[in-house]
Amino acid sequence: MALLTSGGDSWRTLFLFGAAPLVVLLPVTLLRLPESPKWLLARGHTERAHLLAERTGVPLSESARAAEDKKVGYAALASRRYALPTVLLGLMSCSGLLLTYALNTWLPEIMGQSGFGKSYALVFLLALNGGAVIGGVLASRAADRTGPQRVITSTFVLAAVSLTLLPLGLPLSALLALVAVAGIGTIGTQVLVYGFVANYYDTQARAAGVAWCAGFGRLGGIGGPLVGGALMSAGISPHRAFYAFAGVAVFGALVALFVPRQNTEEDVVSDSVPGRSSADAARVLATALSRGEV
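Residues numbered from 1 in each chain as written. Predicted model: local features only at pLDDT ≥ 70, side-chain atom pairs only at ≥ 80, totals over all residues. Heavy atoms only, no water.

A short note on the environment of alanine 244
For alanine 244, the position within the fold is in helix α11 (residues 238–257). It is 9.5 Å that separates the C-alpha atoms of alanine 244 and alanine 160, two residues lying 84 residues apart in sequence. (Helix = DSSP H or I, 4+ residues; strand = E, 2+ residues; numbered from the N terminus.)

In structure tokens:
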């Protein structure tokens, strides 16, 4: 979008477009988005939780009422129930972000060393991110049907396979297709990871779990470009660089595979509205917001 404006090639214009969603959405979110009644109850704000539940038409379930005495936040992550999954989910996020930032940073250079000129740099990056957008939407629909853990494992494997095939000297069209698949298995996978983590933890640990996953994963985001730079400066061939990234994808798949299955709370909204589907409960919230009842 920035490129379509006058002076869109300026980094200042790009940063303005990047900041626009924050400037627009943050005030709206603060003013109109209600807090989770379950979260308020977990934090000991019992009166506010019941008041908000009445205003939104989302009564608190018995499981939510019984959760008041559970550990909250990072203390919950250190509990026996969540300790091992928290480590594995952090490593999974770290793998996804390492691949995301490594490929976004070094893919043009690696392909350049494979014989493609600078004019192809943007083409490969567009294929990588375009595949992530389209494939991420399709993968999220599959995750809704079969569960995110299985889909995340599969997309990591897809990334490993596509990265392994990239050095084989295939035609440009096939290379672009493989890069797009790699985008699904890296950037698209990371989006699924956040959704998986958010639904893995109960209300008492959900915010801390997502924060841990995002924060620990950033170590991979920092390390990805460094790993790519180390491989390039060491004179490693493009073939071996892709194999190294494929190894990271295999590691991510194994970590995702071994995350223990968790019997968490049901969806916050649907669990709180007996006899209603998630869509029906969502409409209750939307109606309350549109009437200004929250």
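Some remarks on the pattern of salt bridges
A full pass over the atoms with the stated rule returns one salt bridge. Here aspartate 202 makes a salt bridge to arginine 81, at a shortest N to O gap of 2.8 Å. Here aspartate 202, found in the loop between α9 (172–200) and α10 (203–233), pairs with arginine 81, found in the loop between α5 (74–77) and α6 (83–113); they are 121 residues apart in sequence, far enough to count as distant. Its relative accessible area of 5% is what places aspartate 202 among the buried residues. For arginine 81, a relative accessible area of 34% translates into the label partly exposed. (Salt bridge = Lys/Arg side-chain N within 4 Å of Asp/Glu carboxyl O. Buried < 20%, exposed > 50% of the residue type's maximum accessible area, 1.4 Å probe, protein only.)

Focus on helix α3 (residues 46–56)
The complete set of buried residues in α3 reads Ala49, Leu52, Ala53 and Thr56. Buried residues along α3 cover an arc of 105° about the axis, so they all sit on one side. Looking at α3, the residues exposed on the side facing more than 90 degrees away from the buried face are Glu47 and Glu54. (Arc of directions from axis to C-beta.)

Comments concerning the nonpolar core
Among the nonpolar cores identified, the biggest contains 52 residues, and Leu89, Met92, Ile152, Leu163, Tyr201 and Phe245 are the most heavily contacted of them. Only α5, α6, α7 (121–146), α8 (148–165), α9, α10 and α11 provide two or more residues apiece to this core. Of all the elements, α9 adds the most residues to this core, at 10 residues. (Core = buried A, V, L, I, M, F, W, Y, C linked by side-chain atoms within 4.5 Å.)

So, the environment of leucine 175
By the secondary structure assignment, leucine 175 is in helix α9. For leucine 175, a relative accessible area of 3% corresponds to the buried category. Spatially, the C-alpha atom of leucine 175 lies 8.6 Å from that of leucine 165, the residues being 10 residues apart in sequence. Leucine 175 has contacts with Met111, Phe116, Phe124, Leu166 and Leu170, leaving out every residue within four places of it along the chain. (Contact = heavy atoms within 4.5 Å.)

Regarding the confidence of the model for the protein
Considering every residue of the protein, the mean pLDDT works out to 79; 80% of them sit at 70 or more. Mean pLDDT values for the elements of the protein range from 40 in helix α12 (residues 268–272) up to 93 in α8. Taken as a whole, residues 264–294 scores under 50 in pLDDT and shows 52 contacts with residues more than four places along the chain or in a different chain. (pLDDT = per-residue confidence, 0-100.)

Some details on a nonpolar patch on the surface
Together, Leu22, Val23, Val24, Leu25, Leu26 and Leu30 make up an exposed nonpolar region whose accessible area comes to about 620 Å². Residue placement: leucine 22 occurs in helix α1 (residues 11–32). (Patch = residues over 30% accessible without salt bridge, like charges linked within 9 Å, V, L, I, M, F, W, Y side chains within 5 Å. Areas by Shrake-Rupley, 256 points an atom, 1.4 Å probe, with all protein chains shown as cover.)

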